[in-house]
Amino acid sequence: MIIYSVKICVAKEISKTWYKWMEEQHIPDIMNTNLFLEFKLYDNFEDNIRKKYLIQYKLENFEQYKKYEMKYQNKFQKEHSSKFKNKFLATRSLFIKIL
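Below or above, wherever it landed, is the structure these notes cover. This is a predicted model, so every value here is computed, not measured.

### Some details on the side chain of S5
In this structure, S5 sits in strand 1 (residues 2-11). Here S5 falls in the buried class, since its relative accessible area comes to 8%. The residues touching S5, leaving out its near neighbours within four places in the chain, are L54, I55, Q56, T91, R92, S93 and F95.

### Some words on the sheet that holds strand 1
Pairing is antiparallel in the open sheet, where four strands are placed in the order 2-3-1-4. Of all the strands in the sheet, the pair left with one neighbour each is strand 2 (36-44) and strand 4 (88-96). Direction aside, the axes of adjacent strands within the sheet are offset by 15° on average. Where strand 1 lies against strand 3 (residues 50-59), 10 bridges are found, and the strand directions are antiparallel. When the sheet's bridge partners are listed, K7 is paired in strand 3 with L54.

The rules behind each value
Residues numbered from 1 in each chain as written. Predicted model: local features only at pLDDT ≥ 70, side-chain atom pairs only at ≥ 80, totals over all residues. Heavy atoms only, no water. Helix = DSSP H or I, 4+ residues; strand = E, 2+ residues; numbered from the N terminus. Buried < 20%, exposed > 50% of the residue type's maximum accessible area, 1.4 Å probe, protein only. Contact = heavy atoms within 4.5 Å. Pairing = 2+ DSSP bridges. Axes fitted to C-alpha atoms, helices over the stretch in contact; angles between N-to-C directions.

Laid out in structure tokens, this is it:
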């Protein structure tokens, strides 16, 4: 099991627009690749200055992630970056289940 984790810090003034777009467009587009088994979206409620979110996409194996990376990742990142230019910071990580 692989978790593709995306941590995003969004400017507070666009957080509602960003969330709506993620919920209605971006996450459904990613899930429609049929490479991910499920996703979870978390809100960090401790920060009052910025909105911080964590999205975890679950994949069956590393090969599925490589397919996503080769075929879709660049397109989705460009869409996000152009829509919310200079209003967010994202970090991405991969985790493998060990227990």
